[in-house]
Amino acid sequence: MAHCMRVLHGQGSRTRTVLLEIQQRCFSVSPLAAAAAQVAMSKFDKAPLPYEKLTKNLEVVKKRLGRDMTLSEKVLYSHLDDPKGQDIERGTSYLRLRPDRVAMQDATAQMAMLQFISSGLPRVAVPSTIHCDHLIEAQVGGVKDLARAKDLNKEVYKFLETAGAKYGVGFWKPGSGIIHQIILENYAFPGLLMIGTDSHTPNGGGLGGLCIGVGGADAVDVMADIPWELKCPKVIGVKLTGQLKGWTSPKDVILKVAGILTVKGGTGAIVEYHGPGVDSISCTGMATICNMGAEIGATTSVFPYNSRMEAYLKSTGRHDIAAKANSFKHLLTPDSKAPYDQLIEIDLSTLEPHVNGPFTPDLANPISKLGEAAKKNNWPVDIRVGLIGSCTNSSYEDMGRCASIVKEALGHGLKSKIPFNVTPGSEQVRATIERDGIAQTLRDFGGTVLANACGPCIGQWDRQDVKKGEKNTIVTSYNRNFTGRNDANPATHCFVTSPELVTALSIAGRLDFNPLSDELTGKDGKKFKLSDPFADELPAKGFDPGQDTYQHPPADGSKVAVDVSPTSDRLQLLEPFDKWDGKDLNEMTILIKVKGKCTTDHISAAGPWLKYRGHLDNISNNMFITIHETNLKKQGMLPLTFANPADYDKIQPSDKISLLGLKDLAPGKQVDCEIKHKDGSVERIKLNHSLNEQQISWFKAGSALNRMKEIAAGK
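- As recorded in an unreviewed UniProt entry, the chain goes by the name Aconitate hydratase, mitochondrial, listed as coming from Papilio machaon.
- You can read under Subcellular location (unreviewed entry) in the UniProt record for the chain the words "Mitochondrion".
- Entered under Catalytic activity (unreviewed entry) in the UniProt record, the comment concerning the chain runs "citrate = D-threo-isocitrate".

See the structure below:
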């Protein structure tokens, strides 16, 4: 069957629909047969599911550890490059890992592919894909916005398309959908280890995979067949009891967790959900929770394999993967006495719907207290725009539950009081909600269906209803709400919540409306209370794949030409950074001194700057104007921290900084720093670093890419 799928794929949606029907009739196999069968990782790949290999690695590691293991540890450690010799200590060791695949969105893929090109390698070593979702600006509606984006970004799209074809990378065209939804629908599987060049890659944890957001340099390493390095994460357990019901949704789980852990509480850790309450959450609901784990700084988040994942795999045409996973549940679930570094317990039965914000996703407001908090803090109570969808909340179930609310409101003669924007997560979801009438219901409500892309969630929004600096409130089902995130207006108060609550609040038009207790007045003057939202978890008629937007790379791409114009302001071929000259770094100028919360949004905000992600000089103009430690190391830089945090106050913007004794740089050894003040006085302090031997070699070579070339040349 897997062979038939490879042969028939690409002959259009009709063929894929027929194939799905064949699968539904034919996939009924015994567990033993499923375990022995060779199953591909996806219908687009020849690489097999790695369960047998992972099980062998797991046996080695478990014997070494001599204890029960968490699910996170099982998946992560079974992907070790050297399971016999790897040092394993949570929070300390640097693991050398072999991920199963790489995914890149079109903004970050530009630099990643430029780096891969400069490596001189002929083809990627692991299954990899590019997804065109970040460069489509929301203006008037999906069809026109997509056409405009294709024209504005044709140079970048052509580069990514041809680079993918030449180097063996699958290419999802503009309009195909958001990277994380495409991964969930086609590539994610229980036990997967994947890296993706986007913060919300952990979305795949909803299907039981460890999917980790990284920088482009990490992606290049994996595509170049170099073990990927990750500091061994701690594991935070979240035990779920009870059951979701009423207005409470999966989004409320992560909004609650964000309130507990804050935006940095998950740093250096994997968040692992478990407990009896897990089974009351749909697969796409689990993906929502994992997706927004990025907002608490977590390495990634994950759920154990269960029947809800099995149902989703089957509904998306992957019966063979579901059957295989059923035979390896020991690998895909935690042991009974799994040790967690921290444990949080949440009773889903008593969990109240939340609306978090403004300006930070960890300011948790239960819906019953939101109105009071808004008035107390002088937040604008009148809502200007409601937005649902994005990679976090755009599943068939999400859209269906919103439609159930809308139908009831329409029955009473009510529509949205405010502009209401809908972002389908993928072409498959868009086509399915169109077929089933959900999209039309949302339009009847006053909604505008945007392109299958990130859009306003990442600042790709040509918003015209307010002026910059005008204080206003918007509510979204997105994942981030940092200052200026959605519309580049620092005065916009953005609140993140479930799509159901966005819909209800859009009917009322006010933050102080609570659909659990408050009434609305219908067109006939009669008062009514909204019923609990409901919808099918998965489409009864199956998914409609919509337009075929995938381009598979040819078996031999050596003849494919990839052109980058020397005069382009969007793309720029890379020149290697200089090697370290072996000398100390003396009297360096301080570029910027910052404090407070610092996220990727603060380091290099998205929005209009996304178009320059393939041009190093131009994108550098966007640094810190509104990095990640490993990414700094990959570029040959020294990420250093104060041994004494109070020394931060000793440094003034006019000072000159010298780093001394660098010829003796070694793992665990502090770096001497000399601060020369404007008045001529000098102070000395100690700085810490987390560089290991390999990372020090990156610094000396000028970058990880330079070191890769040295190794290839036998140096």
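We are not done yet, so read on.
## Considerations on the sheet that holds strand E10 (residues 300-302)
Two pairing modes exist for strands in a sheet, parallel and antiparallel, and in both the strands are linked by backbone hydrogen bonds.
Here comes step 1: Within the open sheet, the 4 strands sit side by side as E10-E9-E8-E11. Their pairing is parallel. Here the strands that pair on one side only, and so sit at the sheet edges, are E10 and strand E11 (342-347). Taking each pair of neighbouring strands and ignoring which way they run, the sheet shows an average axis angle of 20°.
Here comes step 2: Of the strand pairs in this sheet, strand E9 (residues 269-274) and E10 are connected by 3 bridges, and their pairing is parallel.

## What to know about the pattern of salt bridges
Working definition: two side chains of opposite charge can pair if their charged atoms are close together.
Here comes step 1: Tallied over the entire structure, the rule returns 34 salt bridges.
Here comes step 2: Two residues, Arg308 and Glu537, come together in a salt bridge whose shortest N-O distance is 2.8 Å. Here Arg308, found in helix H13 (residues 307-315), pairs with Glu537, found in the loop between strand E19 (527-528) and strand E20 (550-551); they are 229 residues apart in sequence, far enough to count as distant.
Here comes step 3: Residue classification places Glu537 among the partly exposed positions, given a relative accessible area of 22%.
Here comes step 4: A single salt-bridge network, built from bridges that share partners, covers Arg67, Glu73, Arg90 and Asp341.

## Some details on the nonpolar core
Here comes step 1: If you look at the biggest cluster of nonpolar residues, it comprises 162 residues, and the most contacted ones within it are Leu240, Tyr273 and Phe303.
Here comes step 2: For this core, the element with the highest residue contribution is helix H17 (residues 396-411), accounting for 7 residues.
Here comes step 3: Looking at which domains feed residues into this core, each of domain 1 (71-347) and domain 2 (354-527) gives three or more.
Here comes step 4: Not counting residues up to four positions away in its chain, the partners in contact with Leu240 are Val253, Tyr273, His274, Gly275, Pro276, Gly277, Val278, Ile281, Phe303, Ile346 and Leu348.
Here comes step 5: In this structure, Leu659, Val671, Cys673 and Leu687 belong to the second largest nonpolar core, which totals 16 residues.

## Examining helix H11 (residues 250-261)
Here comes step 1: With 12 residues, H11 extends 17 Å between its outermost C-alpha atoms, agreeing within 8% with the 16 Å of an ideal straight helix rising 1.5 Å per residue.
Here comes step 2: Most of H11 is tucked away: 9 of the 12 residues are buried.
Here comes step 3: Residues Pro250, Lys251, Asp252, Val253, Ile254, Leu255, Val257, Ala258 and Leu261 constitute the buried set of H11.
Here comes step 4: Those residues of H11 hidden inside the fold are in contact with strand E8 (234-241), E9, helix H12 (283-291), E11, strand E12 (355-356) and strand E17 (492-497).

## Re helix H10 (residues 216-223)
Here comes step 1: The element H10 is extensively covered by neighbouring structure, given that 8 of its 8 residues are classed as buried.
Here comes step 2: Among the residues of H10, those classed as buried are Gly216, Ala217, Asp218, Ala219, Val220, Asp221, Val222 and Met223.
Here comes step 3: In the segment just after H10, Asp225 is the residue with positive phi, at about 70°.

## Examining unusual backbone geometry
Most peptide bonds adopt trans geometry, and most residues besides glycine take a negative phi value.
Here comes step 1: A cis amide bond, omega 5°, links Gly357 with the succeeding residue Pro358.
Here comes step 2: With respect to the helices, strands and loops of the structure, Pro358 is situated in the loop between E12 and helix H16 (367-376).
Here comes step 3: Notably, Thr262 is not glycine yet its phi reads approximately 65°, a positive angle.
Here comes step 4: Its place among the elements puts Thr262 in the loop between H11 and E9.
Here comes step 5: A residue is classified by how much of its surface remains accessible, and Thr262, at 32% relative accessible area, is partly exposed.
Here comes step 6: Unlike most non-glycine residues, Ser390 shows phi in positive territory, near 80°.
Here comes step 7: Within the secondary structure layout, Ser390 lies in the loop between strand E13 (383-389) and H17.
Here comes step 8: The class of Ser390 is buried, set by a relative accessible area of 1%.

Reading the values: rules and limits
- Residues numbered from 1 in each chain as written.
- Predicted model: local features only at pLDDT ≥ 70, side-chain atom pairs only at ≥ 80, totals over all residues.
- Heavy atoms only, no water.
- UniProt positions renumbered as here; feature names shortened; annotations may be inferred.
- Pairing = 2+ DSSP bridges.
- Helix = DSSP H or I, 4+ residues; strand = E, 2+ residues; numbered from the N terminus.
- Axes fitted to C-alpha atoms, helices over the stretch in contact; angles between N-to-C directions.
- Salt bridge = Lys/Arg side-chain N within 4 Å of Asp/Glu carboxyl O.
- Buried < 20%, exposed > 50% of the residue type's maximum accessible area, 1.4 Å probe, protein only.
- Core = buried A, V, L, I, M, F, W, Y, C linked by side-chain atoms within 4.5 Å.
- Domains from an automatic or database assignment.
- Contact = heavy atoms within 4.5 Å.
- Expected span 1.5 Å × (residues − 1).

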